[in-house]
Amino acid sequence: MPRNDHDISRRQISENALKVLYRLSKSGYKAYLVGGGVRDILLGQQPKDFDVVTNATPEEIKRLFRNSRLVGRRFRLAHIVFGRDVIEVATLRGHHDNKNETISKSNAQGRLLRDNVYGTIDEDAERRDFSINALYYDISDYSIHSYSGGIHDLNSRIIRLIGDPETRYREDPVRMLRAVRFATKLDMEIEPRTAQPIKELAPLLAGIPAARMYEEVLKLFFAGKAQANLEMMQAYNLFAPLFPQIDALLQDEPKGNMAKLLNAVMRNTDTRVQQDKTITPAFFYAALLWYPVKQRADDISIESGLSHYDANVAAMGDVMEQQCRTISIPRRFSTPAKDIWQLQLRLERSQSTRAFKLLEHPKFRAAYDLLLLRAEAEGGSAAKVATWWTNFIESNDEQRTEIAKKSRTGNPRNRGAAQRKRNRKPAPKKPSNDE
């Protein structure tokens, strides 16, 4: 498509991406804006990032840009760093007819372990995952190169995998998640042939490195389409390989508290994204994994006879460790998640003057938000505790003192303790030296 036949303008492309494109072009290399950046502009959306592809090798890119670093082993590419902005530059990929395992390697299931075979733009387009991503904006003449019916599928709002779906999913099972994410993000339909193998091949996601899955989960659930992605992932059996502990509870009680909390978390996350409020992986995982923690704590308590509190602390470590086998949650988020879990126990038993101290905890607000979600899912005692804390938080200091005092005297546990103190027999008087 020549410049006059499309609506992409250089004004819609980031200044840093243009710098990279022009320097590559002026140095004698072919340079294209590729994939999502081109796709989103054609759809009238603002691209989240701008990726570049070129016929320069990673080493040549490194020599050309002093502000670059080479990353990736399975898929070698360059990151050009402009402060906080990073432009990703990949070399055009080729076909895997080279037997050299240092540049191309697959496992027994067909998943690509190394993919550093370089080729032409035609070969690179065939290696792209979906037709709507096989779009290249050529900086040399401002034309668009569309492969595999990319422009047609974009206009028809169809997600279509390039090549044989089963082979392509086996090469990289994450493509199944990407199909779901693009469908919800772009309001498109997954083409039947592209959708057909997903349910059967979903277990292949268990073999994806946990560190990579962490980033994929953020893209799925932190972009305002969490509820829609959850529903589609469950329809295609893609949720269980990522969250096996949650799925086990859902299998036991499809409409139980776990299902209610899961949907409440997704709706809450979407609402916060729409309202431009902060969302953190620490709260997200603390909320999702709360019932697995409770289940594991009950099991530990029965098996070992530990106290309720100690069993919960042990369960927190077990549940987080198991979750990290499929999704590698960084410690900067897993540690605060455990704080939020511990605060659930304190929120349930601190409805007295101790509430003032709890308010000062740095994770109190996150713990309170989880309590509200639990109240929505559970009702009963959780709803009563949530109501007490809501009244306490929304009151002024004088009212809070009164609420805390009433709770202290009105709590049967406290009344019992006070009565035992009054009924306690005085200690016998020690005889003096004179006696």
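Quick caveat, the model's predicted, so the values are computed rather than measured.

Undergrad: Teacher, can you tell me more about the overall build of the protein here?
TA: Helix and strand counts for the protein come out as 22 helices and 11 strands. Here the protein holds 435 residues, and 46% of them are scored as buried. A fraction of 67% describes how many contacts in the protein between residues 6 or more apart in sequence connect residues 24 or more apart. Summed over all atoms, the accessible surface of the protein reaches about 22,600 Å², with 47% contributed by carbon and sulfur.

Undergrad: I'm lost on the sheet that holds strand β8 (residues 135-138) in this one. Help?
TA: Whether parallel or antiparallel, the strands of a sheet pair through hydrogen bonds between backbone atoms. A sheet is described by the order of its strands in space; here seven strands give the open sequence β3-β4-β5-β2-β1-β8-β9, paired in mixed fashion. The open sheet is flanked by β3 (68-71) and β9 (143-146), the only strands paired with a single partner. Going from strand to strand, the sheet's axes swing by 30° on average, the running direction of each strand aside. Note that β3 and strand β4 (residues 77-82) share four bridges and pair antiparallel. Among the inter-strand pairings, S68 is bridged to a residue of β4, identified as I80. Those strands touched by helix α1 (residues 15-26) are β1 (31-34), β2 (51-54), β4 and β5 (85-91), and its axis lies near 35° from that of β5.

Undergrad: Teacher, can you tell me more about the pattern of salt bridges here?
TA: If charged atoms from side chains of opposite charge come close, those side chains can pair. Summed over all chains, the structure comprises 19 salt bridges. Ionic pairing is found between R170 and E166, a salt bridge with its closest N-O pair at 3.2 Å. A residue pair is termed a helical-turn pair when its members lie 3 or 4 positions apart in one helix, as R170 and E166 do in helix α6 (residues 165-171) at four residues. Judged by relative accessible area, E166 falls into the partly exposed class, the value being 33%. A salt bridge links R374 to E348; its shortest N-O distance comes to 2.9 Å. Here R374 is found in helix α19 (residues 364-378), whereas its partner E348 is found in helix α17 (residues 331-349), with 26 residues between them in sequence. Judged by relative accessible area, E348 falls into the partly exposed class, the value being 34%. Residues joined by salt bridges that share partners form a network here, namely R39, D40 and K185.

What counts as what
Residues numbered from 1 in each chain as written. Predicted model: local features only at pLDDT ≥ 70, side-chain atom pairs only at ≥ 80, totals over all residues. Heavy atoms only, no water. Helix = DSSP H or I, 4+ residues; strand = E, 2+ residues; numbered from the N terminus. Buried < 20%, exposed > 50% of the residue type's maximum accessible area, 1.4 Å probe, protein only. Contact = heavy atoms within 4.5 Å. Areas by Shrake-Rupley, 256 points an atom, 1.4 Å probe, with all protein chains shown as cover. Pairing = 2+ DSSP bridges. Axes fitted to C-alpha atoms, helices over the stretch in contact; angles between N-to-C directions. Salt bridge = Lys/Arg side-chain N within 4 Å of Asp/Glu carboxyl O.

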